[in-house]
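# Residue-level structure breakdown
Each chain, letter by letter, is given below.
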Amino acid sequence: MTDRIPLLSEHGVTHEWIDNHDGTFTVASHQDVAPFLDRNRAMANQNDGYNQSRDMRRLASIPNIVLMQWLNEAGSMEILRDPKFLGKKLNDPDYLYLRTAPYKVA
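So, a few notes on the structure that sits alongside this text. (Residues numbered from 1 in each chain as written. Predicted model: local features only at pLDDT ≥ 70, side-chain atom pairs only at ≥ 80, totals over all residues. Heavy atoms only, no water.)

## Considerations on the nonpolar core
Let me state the cut-off plainly: Here, nonpolar core refers to any group of buried Ala, Val, Leu, Ile, Met, Phe, Trp, Tyr and Cys residues whose side-chain atoms link them within 4.5 Å. Think of it in three bands: residues with accessible area under 20% of the maximum for their type are buried, residues over 50% are exposed, and the middle band is partly exposed, with areas taken using a 1.4 Å probe on protein chains only. Strands are runs of DSSP state E lasting at least two residues, helices are runs of H or I lasting at least four, and both sets are numbered from the N terminus onward. What makes two residues a contact is simply this: any of their non-hydrogen atoms within 4.5 Å.
By size, the foremost hydrophobic cluster in this structure holds 11 residues: V13, I65, V66, W70, L71, I79, F85, L90, Y95, L98 and V105. Only α2 (64-74) and α3 (83-91) provide two or more residues apiece to this core. Among the elements that make up this core, the one with the highest residue count is α2 (four residues). Apart from the residues within four sequence positions on either side, V13 is in contact with L8, S29, H30, Q31, N64, I65 and M68.

## A word on the packing of aromatic side chains
To keep it simple, the criterion reads: Pairing of aromatic side chains requires ring centres within 6.5 Å, counting the rings of Phe and Tyr and the six-membered ring of Trp. Pairs whose planes differ by under 30 degrees are stacked, by over 60 edge-to-face, and all others tilted.
As enumerated under the stated definition, the model contains five aromatic pairs in all. Ring centres of Y50 and Y103 lie 5.8 Å apart, and the angle between their planes is 85°; this geometry places the pair in the edge-to-face category. Separated by 53 residues along the polypeptide, Y50 in the loop between α1 (34-46) and α2 and Y103 in the segment after α3 bring together distant segments of the chain. Judged by centre distance (6.2 Å) and plane angle (45°), the ring pair of Y95 and Y97 falls under tilted.

## A word on the sheet that holds strand β1 (residues 4-10)
Heads up, the rule is: Strands pair, by our definition, only if DSSP identifies at least two bridges between them. Here an angle of 0 to 180 degrees is reported between the N-to-C directions of two axes, which are lines fitted to C-alpha atoms, with helices fitted over the stretch in contact.
Strand order in the open sheet formed by three strands is β1-β2-β3, with antiparallel pairing between adjacent strands. Each edge of the sheet is formed by a strand with only one pairing partner; in this case those strands are β1 and β3 (25-30). Going from strand to strand, the sheet's axes swing by 20° on average, the running direction of each strand aside. Pairing between strand β2 (residues 13-19) and β3: six bridges, direction antiparallel. Across the sheet, the residue bridging to H15 is S29, located in β3. Along the sheet face, α2 touches β2 and β3 and points at about 55° away from the line of β2.

Following this line, the structure appears as structure tokens:
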């Protein structure tokens with residue numbers, strides 16, 4: 001019997017069904033975040049994050065798998081609309097690798 005069955009793969013995230021052999025199963029999700037981290041590092045060292053007209057600035061680039069993790073932790077899509085939640089996460093030193101400019105998120 002197959003222990004792992006590949007499921008859909010979209011937006012850079014792959015999913016697989018895993019039989020736990022106890023009547024339960026797990027769906028595991030994976031994403032190669034190395035390209036995101038390399039790009040974030042390059043952008044963080046490139047400039048101050050402002051566009052040419054200086055009316056917008058970038059702060060972070062978040063891989064889909066990280067967003068999925070945050071959604072699973074919170075149990076709600078509403079967190080993505082909550083600027084305080086995103087600010088707290090992006091200001092956390094554990095998520096420094098997501099930042100693309102040297103600003104604290106308000």
